[in-house]
Amino acid sequence: MVALVRSSRRTVWLPLLLGLVMGVGGYSATRGAVSFGDPTLYVQCLAYAALFCLLFPLLFSVRERARRRDDRGDDAIAVDSDVTARADEDDRAMPAGKVSRLRKAVRFEYVLRAPGLLRDALRVFVCWAPYVILLYPGILYWDTGDQVAQFFGMSVFGQEPGQIWNHHPFLDTYFYGSVIWLGHAVSGHYEVGMFLLSVVHAFLAAVAVSAVLAYLRGRGLTRRPLIAVTATFCFFPVFPIMFASIVKDTTFTIALLGWFVMYLLLVDSKLASITRPGFLAGFVVMSLLVALTKSVGLYVMVAALLLLVIGRYKAKFKAVCVAVAIACFAFVSIFLPKVVFPRLDIVPGERQAAIVVPIQMVARVAHANPSDVTDEEKQVLNEYLPMSWDEMARNYVPFTTDPVTGYAIKDTGSVVDFAKAWLSVGLKHPRAYVQAFISVESGWLAFNGAPANNVEPQAPYPEIALQYQPLTTNALNDSTFGRFVPNGTPSKGQTAVKGLVRWVQDVPILNVFMYLTVWALIVPAYLLYALIRRRPGRDDVIRFIPYWFVTAFLFLCPVTIQLQNDHSSPTRYAFSMLVMGVAMIGVNLLGANAAVNDRQNHRQIQQNH
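Nothing here was measured: the structure is a model prediction, and the numbers come from that model. (Residues numbered from 1 in each chain as written. Predicted model: local features only at pLDDT ≥ 70, side-chain atom pairs only at ≥ 80, totals over all residues. Heavy atoms only, no water.)

### A look at the overall build of the protein chain
Counted only if it meets this: In this description a helix means any DSSP run of H or I spanning at least four residues, a strand means any run of E spanning at least two, and both kinds are numbered starting from the N terminus. Shrake-Rupley sampling with a 1.4 Å probe provides the accessible areas, and residues are treated as covered by the protein chains on show and by no other component.
From N to C terminus, the protein chain includes 26 helices and six strands. Looking at the protein chain as shown, the accessible area adds up to about 26200 Å², and 63% of this sits on carbon and sulfur atoms.

Structure below.
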């Protein structure tokens, strides 16, 4: 163990920092505050730091040994090799019959061409189908039900009948509503429309997952890791349950996966692919889908494209990528609100939705120090924020921002004046700001925490395991879409799926992968550690940029801990981290063949350009 730690001295700061963050986060998640004078806090930090200082070098050492073995052996997969050659030899040795046909049917092809990609998607979907069927008629989240209700002309979120509020992306609303409308038009039952939407949604996700697997194979991921990643996507129950559940976060994840594969192909080509008309058109479409399925997607996509300028690529290729980023941003942020929204009676989302965490910080000061604010600061804050200073003081909850933001829309006040007042209050109470941020984001930093609806920053709270908690029954607003599809007693199928989830949550070792912090914090930290240890090239770093941006934006979430006796769950926010985490583990496992493929691609690009 000592040798392992010594071998990673250049990166030892990272597991030490992770231990500090998890120690502080775990303390806050159970108390709603961090007491820096409590020895318990420092014991937790030291324990976590020691754990990660041993675990990270060990994992890295095991992986490097396996990678070297695979690269030396016959198990490596080159770009043009056939991953199924060995199985084909077995087939030829067997009598022609049912076993051979079955093997051919279930064997993944791992190709980025439409026919093979769709066949692989069907194979993934077959693995997910039992969950889709058992969860009939499908799972709609509370907000999704309200979106669909708006599509059908109901008054929701305080809007007039027929209006659609872009607080939840209008593209999602039209997509969900159109498919449900089609199912209802054909059958006369909204449940059939919901089930049709669930099937379509899950199959689109299967296509995106198959594209990721095909990319990993094409980049030279060896057979055993490739099979492991494939099996994880096919059989880990959170994937089919969440992809069959309808909410903007899962729809965004599907678009993000498709866009990410194209982004990786773009980097692999040294950006040369961006000049091919077919690729460029597809990439623009996928970029817009990422931006329009969830607001944060716009910033992830634009930031990742702009940072391509740091790569060693031709200037003309960089210029096209920057132009795509600027054009997509202008289309989503200017053209749609100014030109399209008025014609479709779409109400733009409120400005305050992007700053819920800063609002939470102000609310913490209002709660803890209600009189320590000037009249000018209070006036500025009252004019801009959804709730007044006194209302925030009364409503503040450490673990969720909804009580101090809600769905209020306020067009008065100035964002510049708010920023000045926010900074002024923070300079007087920096500790309160830090405490507020850690408390509301602590669900990503801890294995256990207090239910989010505790109303006072005090200890001790009852604790719950902070794990993925996918819904297995509908959570609809009874006064909106719940009028068409009432929330009923869970069916036998839904009860069975919930029982399976609970079983996975309780099984030792397996249940580690159900914890939110594993995918929101520990896996990203380890992948960064492994990347640094392998002395990456610039392209290696660039491939990880979208993943790190998704991670960063996760820490602006309004809630990270499950509400007790409530359908609200942070699972949907953290789902993209689970999906991207498995994909990035695959990227991290790429061995020497990936470098060979990169050199071959680079030579081909130089010949073509």
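### Overview of unusual backbone geometry
Leave glycine aside and you will find that most residues have negative phi; peptide bonds, for their part, are mostly trans. Residue Pro137 is reached from Tyr136 by a cis peptide bond, and omega for that bond is 10 degrees. Locating Pro137 in the fold gives a position in the loop between helix H6 (114–134) and strand S1 (139–140). The backbone phi angle of Ile509 is positive, close to 75 degrees, even though this residue is not glycine. Inspection of the secondary structure puts Ile509 in the loop between helix H22 (492–506) and helix H23 (516–533).

### Focus on the pattern of salt bridges
Under the convention used in this document: By convention in these notes, a salt bridge is any Lys or Arg side-chain nitrogen within 4 Å of a carboxyl oxygen on Asp or Glu. Working definition: with a 1.4 Å probe on protein chains only, accessible area under 20% of the residue-type maximum means buried, over 50% means exposed, and in between means partly exposed.
Taken as a whole and judged by the stated rule, the model has 11 salt bridges. Across the salt bridge formed by Arg572 and Asp249, the nearest N and O atoms sit 2.7 Å from each other. In this pair, Arg572 is assigned in helix H25 (residues 571–588) and Asp249 in helix H12 (residues 248–268), connecting sequence segments 323 residues apart. Asp249 shares its class with Arg572; the two are buried. Sharing partners across several salt bridges, the network here consists of Glu109, Arg119, Asp120 and Arg123.

### Structural notes on the side chain of Asp146
As a reminder of what qualifies: The charged-residue count follows a simple rule in which Lys and Arg add positive charge and Asp and Glu add negative charge, with His and chain termini not counted at all. What qualifies as a polar contact is a pair of N or O atoms within 3.5 Å, subject to a donor-acceptor requirement within protein and to the restriction that residues adjacent in sequence count only when both atoms come from side chains. Residue contacts are counted whenever heavy atoms from the two residues lie within 4.5 Å of one another.
As for its position among the elements, Asp146 is in helix H7 (residues 142–151). Arg483 provides the closest opposite charge to the buried, salt-bridge-free Asp146, at an N-O distance of 9.9 Å. A polar contact is formed between the side chain of Asp146 and the side chain of Thr480, at a distance of 2.6 Å. Once residues lying within four places of it in the same chain are set aside, the contact partners of Asp146 are Val156, Phe157, Asn477 and Thr480.

### So, the packing of aromatic side chains
By convention here, two paired aromatic rings are described through the distance between centres and the angle between planes. Let me state the cut-off plainly: Each Phe, Tyr or Trp ring, with Trp reduced to its six-membered ring, pairs with another whose centre is within 6.5 Å; inter-plane angles below 30 degrees give stacked pairs, above 60 give edge-to-face pairs, and intermediate values give tilted ones. A ring is considered to have a charge above it if a Lys NZ or an Arg CZ atom is located within 6 Å of its centre and within 35 degrees of its normal.
The full count for this structure, using the stated rule, is 36 aromatic pairs. Seen from their ring centres, Phe279 and Phe283 are 6.0 Å apart, and the 15 degrees between their planes marks the pair as stacked. Of the two residues, Phe279 and Phe283 both sit in helix H13 (residues 277–293), four residues apart, roughly one turn of that helix. Under the relative-accessibility criterion, Phe279 is labelled buried at 9%. Here a set of aromatic residues connected by ring pairs shows up, and it is made of Tyr48, Phe52, Phe56, Phe60, Phe447, Tyr515, Tyr526 and Tyr529. Over the ring of Tyr27 we find Arg31; its NZ or CZ atom is 3.9 Å from the centre of that ring.

### Remarks on the environment of Gly183
With respect to the helices and strands, Gly183 occurs in helix H8 (residues 170–187). On the basis of relative accessible area, Gly183 is assigned to the buried category, the value being 5%. When the C-alpha positions of Gly183 and Gly193 are compared, they lie 3.7 Å apart, and in sequence the two are 10 residues distant. Contact partners of Gly183, with chain neighbours within four places excluded, come to Gly188, His189, Val192, Gly193 and Leu196.

### A word on the packing of H23 against helix H24 (residues 538–554)
We count it as follows: Every axis corresponds to a line fitted to the C-alpha atoms, with the helix fit spanning only the stretch in contact, and the corresponding angles, defined between N-to-C directions, vary from 0 to 180 degrees. To sort the angles, those under 35 degrees are grouped as roughly parallel, those over 145 as roughly antiparallel, those from 65 to 115 as roughly perpendicular, and the leftovers as oblique. By convention the crossing between two helices is left-handed if the near helix lies anticlockwise of the far one by an angle smaller than a right angle, and right-handed if it lies clockwise. In this count, Pro and Cys sit with the nonpolar residues alongside Ala, Val, Leu, Ile, Met, Phe, Trp and Tyr, while Asp, Glu, Lys and Arg are called charged and the others, Gly among them, polar.
Running from N to C, H23 and H24 cross one another at 160 degrees; their axes reach a closest spacing of 11 Å. Judged by the angle between their axes, H23 and H24 are roughly antiparallel. Along this stretch, H23 crosses H24, giving a crossing that reads as left-handed. Between H23 and H24, the residues in contact are Trp519, Ala520, Val523, Pro524, Leu527, Leu528 and Leu531 and Asp540, Val541, Phe544, Tyr547, Trp548, Thr551 and Leu554, respectively. Residues that form the contact of H23 with H24 fall into these classes: 12 nonpolar, one polar and one charged.

### So, the packing of H12 against H25
Taken N-terminus to C-terminus, the directions of H12 and H25 make an angle of 25 degrees; their axes are 8 Å apart at the nearest point. Judged on the interaxial angle alone, H25 and H12 are roughly parallel. As for the relative orientation of H12 and H25, their crossing is right-handed in sense. Of the residues in H25, those in contact with Lys248, Asp249, Thr250, Thr253, Leu256, Leu257 and Phe260 of H12 are Arg572, Tyr573, Phe575, Ser576, Val579, Met580 and Met584. Residues that form the contact of H12 with H25 fall into these classes: eight nonpolar, three polar and three charged.

### As for the environment of Val497
Considering the arrangement of structural elements, one finds Val497 in helix H22. In the structure, Val497 is positioned 362 residues away from Leu135 in sequence and 7.6 Å away in space, judged by C-alpha atoms. In contact with Val497, other than residues within four places in its own chain, are Tyr131, Leu134, Leu135, Ile241 and Thr472.

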